Amino acid sequence: MSTKLWGGRFSGALDPLMEEFNASIDFDRRLWQADIHGSQAYARALARAGLLTEQEAEQIVAGLERVAGEWAAGQFEIQAGDEDIHTANERRLTELIGPIAGKLHTGRSRNDQVATDLRLWLREELKTSEEQLRTLIGVAVERAATEIELLMPGYTHLQPAQPTRWSHWLLSYAWAWQRDALRLQDLLNRVNLMPLGNGALAGNPFPIDRCQLAHDLGFAAPTPNSLDGVSDRDFVAEALFWATMTMLHISRWAEDLVIYSSREFGFITLADAYSTGSSLMPQKKNPDSLELLRGKAGRVFGNMSGLLMTLKGLPSTYNKDLQEDKEPLFDAVDTLNRALPIAAGALATLSVNGKNMARALVPEMLATDLAEYLVRKGVPFRETHHVAGAAVALAESSGSALTDLSLAELQSLHPAFEEDVTAIWSYEGSVEQRDARGGSSRRAVQEQIEALLLWLERPAPE
């Protein structure tokens, strides 16, 4: 007689290669805690529906607790025929409490069981991710508050553009990470729905109270349609998209710091704890933590695109292709939950070289301020832009800095220039002019810091 959960109608043995190909226990074993938690709640639901006595339900719950203890202690022994975590746990439960364990699967399918397990597991993992993301944001905000004095070049096209604050640069990523945190909270709402009680596809034939069962498992509600409930992997795809976006933001931040840590820039120095050396060149100090963060973003994106290709052509309800949802999800979550603390640690411990930042500020970065000076004199911006460009060209042709042009030279370009034009040749003054909300002035940056601190003080939604 077949020992497979599905083996009743089969008389022939499974090809050993097919058995190995079909098995998922090597990777879905990490769902053991979610699987046991879901099964214990389901046993109690069966008792409420009159399908188990209270004594039987408690015997199953206690038996599953023993199974959980074996997993927690690293003593659970996977055996041949344990094709997935559900089979393994039920097999061991049967060994511990006997045939009564066979009642646990009443009305339940591995289709609704695995979907429930995956949601339970992901819900807890994403809460960890959220905590780590908030920590990273907190590090960025703290540095922004304490290093608000530091000015640096802002870049477009990787070319020096306008002066800005180091704090303003830090906060530009803090806000991106906050969007990631908000997306995560929204995602958790869709993860937190319960498929258990949907059966294989058509629903449960017994009077299972799915609302009470959902409450017992901490879900907001049961899924509303059994066909959709067993096949929906939108929450997996969304989780992978969220992880991809978060890693994308970390990757861009890391790339900036890789550039800023180079000798040519010298804006920052990574702590030794987040750097490595060269096996050949003893003078090297490589920003490997940042480069690995940048590289792992591509890995996470690959997980997302691979799953979407798996899902795109599936017919309705459950298909075995959905077994391929777990490995990319597990890998992406693991990668992200390792990356976030590395990013926070690297940011918290790096050193900033304010003098090198200041030396990188060049007079040509005040060309826009020159144009804006004329705007304040009533000249249309389109005209002032051309005048400021002509001033840059004049300085270049004479081999002097923009700030060295005389009043007479400036007036040769436009009569609206007056003695007070010299007041604009200040990097600090340029930054302070950008005082509109979201700008780089001290007040505007402080406003951002306070807004993010207020957000961080609010507890994350349950």
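Fair warning: this is a prediction, and the values are worked out from it, not measured in the lab.

Asks: What is the right way to read the overall build of the chain from this model?
Replies: Regarding its fold elements, the chain presents 18 helices and six strands. Structurally, the chain occupies a C-alpha span of about 100 × 55 × 40 Å along its principal axes. For the chain, the residues scored as buried account for 49% of the 462 residues in total. Considering only residue pairs separated by 6 or more positions, the chain has 76% of its internal contacts joining residues 24 or more positions apart. With an accessible surface of roughly 22200 Å², the chain has 54% of that area assigned to carbon and sulfur atoms. Treating the 44 positive side-chain charges of the chain as one cloud and the 63 negative ones as another, the clouds have centres 1 Å apart.

Asks: I'm lost on the packing of helix H7 (residues 166–191) against helix H18 (residues 442–457) in this one. Help?
Replies: A pair of packed helices is characterised by two quantities: the angle between their axes and the separation of those axes. Contact pair H7 / H18: the axes reach a minimum separation of 11 Å and the direction vectors enclose 30 degrees. Relative to H18, H7 is oriented roughly parallel. Considering only the axes of H7 and H18, their crossing is left-handed. Note on element contacts: H18 touches H7 through Val 445, Gln 448, Ile 449, Ala 451, Leu 452 and Trp 455, opposite Ser 167, His 168, Leu 171, Ala 174, Trp 175, Gln 178, Ala 181, Leu 182 and Gln 185. Taken together, the residues that form the contact of H7 with H18 break down as 10 nonpolar, five polar and no charged.

Asks: Can you walk me through the side chain of Asn 192 in this structure?
Replies: Mapping Asn 192 onto the fold places it in the loop between H7 and strand S3 (193–194). Classification of Asn 192 as buried rests on a relative accessible area of 16%. A distance of 3.5 Å separates a polar atom in the side chain of Asn 192 from the backbone oxygen of Gly 218. Look past the residues within four positions of Asn 192 in its chain and what remains in contact with it is Arg 123, Gly 218, Phe 219, Ala 220 and Ala 221.

Criteria and thresholds
Residues numbered from 1 in each chain as written. Predicted model: local features only at pLDDT ≥ 70, side-chain atom pairs only at ≥ 80, totals over all residues. Heavy atoms only, no water. Helix = DSSP H or I, 4+ residues; strand = E, 2+ residues; numbered from the N terminus. Buried < 20%, exposed > 50% of the residue type's maximum accessible area, 1.4 Å probe, protein only. Contact = heavy atoms within 4.5 Å. Areas by Shrake-Rupley, 256 points an atom, 1.4 Å probe, with all protein chains shown as cover. Lys, Arg positive; Asp, Glu negative; His and termini not counted. Charge placed at Lys NZ, Arg CZ, Asp CG, Glu CD. Axes fitted to C-alpha atoms, helices over the stretch in contact; angles between N-to-C directions. Parallel < 35°, antiparallel > 145°, perpendicular 65-115°, else oblique. Left-handed = near helix turned anticlockwise from the far one by under 90°. Nonpolar A, V, L, I, M, F, W, Y, C, P; charged D, E, K, R; others polar. Polar contact = N/O pair within 3.5 Å; in protein donor to acceptor, adjacent residues only side chain to side chain.

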